[in-house]
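# A closer look at the structure
Residue-level listing of the chains:
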Amino acid sequence: MNKKELHDTFSDLESQAAATLDIIKNMKKELSHLTEDNNVLRMENQHLRDRLAEIIKQQSLEKQLTDTGMTKSRLNLEKIYEDGFHVCNLFYGSRRDGDEPCAFCLEVIYGERK
Ligand SMILES: [Zn+2]
């Protein structure tokens, strides 16, 4: 290798190194963008998970009520009715003679929710 060739080779290496350095700088910049995006997505994901857990918890609470078929207040009315008293608007609180069934009471206890 003569001096000219040696000089040219150095020049080539120098510009290659500069190009490589540019690539490294760009990759580093890209990496910090990705890290930033990743953090944002992570937080958003956590938020959505929390929200989902909340909704599932709420739904299972509502399901518990429908599993027994009734809300607490309806269960109370059912107990009073089974003890032999009317819970309907017409005869509320009066005794059911001979445990006669009352359609109005049954409607109050088991009827469609309003
Ligand atoms: Zn009744």
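Residues numbered from 1 in each chain as written. Predicted model: local features only at pLDDT ≥ 70, side-chain atom pairs only at ≥ 80, totals over all residues. Heavy atoms only, no water.

## Details of the overall build of the chain
Note the cut-off: Numbering of helices and strands runs from the N terminus, with a helix taken as a DSSP run of H or I at least four residues long and a strand as a DSSP run of E at least two residues long. Using C-alpha atoms as the atom set, the radius of gyration is obtained and then compared with a globule rule of 2.2 Å times the number of residues to the power 0.38. We call a residue buried when its accessible area falls under 20% of the maximum for its residue type, exposed when it is over 50%, and partly exposed in between, using a 1.4 Å probe and counting protein chains only. Per-residue and other accessible areas follow the Shrake-Rupley method at a 1.4 Å probe size, with only the shown protein chains counted as cover for residues. A residue counts as positive if it is Lys or Arg and as negative if it is Asp or Glu; His and the chain ends are not included. A charged residue contributes its charge at one atom only: NZ of Lys, CZ of Arg, CG of Asp or CD of Glu.
Helices and strands together make up the secondary structure of the chain, namely 3 helices and 0 strands. Starting at the N terminus and walking to the C terminus, you meet the elements of the chain as α-α-α. Since a compact globule built from 114 residues should have a radius of gyration of about 13 Å, the 39 Å found for the chain marks it as more spread out than a globular shape. For the C-alpha atoms alone, the extent of the chain along its principal axes is close to 125 × 20 × 15 Å. When burial is assessed residue by residue, the chain has 13% of its 114 residues classed as buried. Accessible area for the chain stands at about 10100 Å²; split by element, carbon and sulfur atoms hold 58% of it. Positive and negative charge centroids in the chain, built from 17 and 21 side chains respectively, lie 4 Å apart.

## A few points about the coordination of the zinc ion
Threshold: Each metal's donors are the N, O and S atoms found within 2.8 Å of it, except that Na, K and Ca use a 3.2 Å limit; water is left out, so coordination can look incomplete. All geometry calls rest on donor angles, where a four-donor set with angles between 85 and 135 degrees is tetrahedral, four- and six-donor sets with opposite donors more than 155 degrees apart and all others between 65 and 115 are square planar and octahedral, and all else is irregular.
Protein-derived ligands of the zinc ion are H86 (ND1), C88 (SG), C102 (SG) and C105 (SG), with the metal-ligand distances lying across 2.1 to 2.4 Å. Geometry at the zinc ion is tetrahedral, judged from its 4 donor atoms and the angles of 100 to 117 degrees they form at the metal.

## Focus: the nonpolar core
Put simply, the test is: By nonpolar core we mean a set of buried residues, namely Ala, Val, Leu, Ile, Met, Phe, Trp, Tyr and Cys, connected to one another through side-chain atoms within 4.5 Å.
M70, L77, Y81, V87, C88, C102, C105 and I109 form the largest nonpolar core, which has 8 residues in total. Contributions of two or more residues to this core are made by helix 2 (72-82) and helix 3 (103-110).

## Re the UniProt feature "coiled-coil region" (unreviewed entry) in the chain
Applied cut-off: UniProt positions are given in the numbering used here, feature names are shortened, and annotations may be inferred rather than shown by experiment.
As annotated by UniProt and renumbered to match this structure, "coiled-coil region" (unreviewed entry) occupies residues 24-58. Overall, residues 24-58 shows 100% helix and 0% strand. The separation of its end C-alpha atoms is 50 Å.

## Describing the domain arrangement of the chain
Interface extent is often summarised as the accessible area lost during association of the parts. Defined as follows: The domain limits used here are those given by an automatic or database domain assignment.
Domain boundaries assigned for the chain yield domain 1 (1-64) and domain 2 (65-114). Centre-to-centre, using C-alpha coordinates, domain 1 lies 65 Å away from domain 2.

## Some remarks on the packing of aromatic side chains
For any pair of aromatic rings, the description rests on two quantities: the centre-to-centre distance and the angle between the ring planes. Which entries qualify depends on this criterion: Paired rings are identified among Phe, Tyr and Trp, the last through its six-membered ring, by centres lying within 6.5 Å, and are further divided according to the angle between planes into stacked (under 30 degrees), edge-to-face (over 60) and tilted (the rest). In this analysis the charged atom, NZ for Lys or CZ for Arg, is taken to sit over a ring once it is within 6 Å of the ring centre and within 35 degrees of the ring normal.
Counting across every chain of the model gives 0 aromatic pairs. Of note, R96 hangs over the ring of Y81, and the distance from its end group to the ring centre comes to 3.6 Å.

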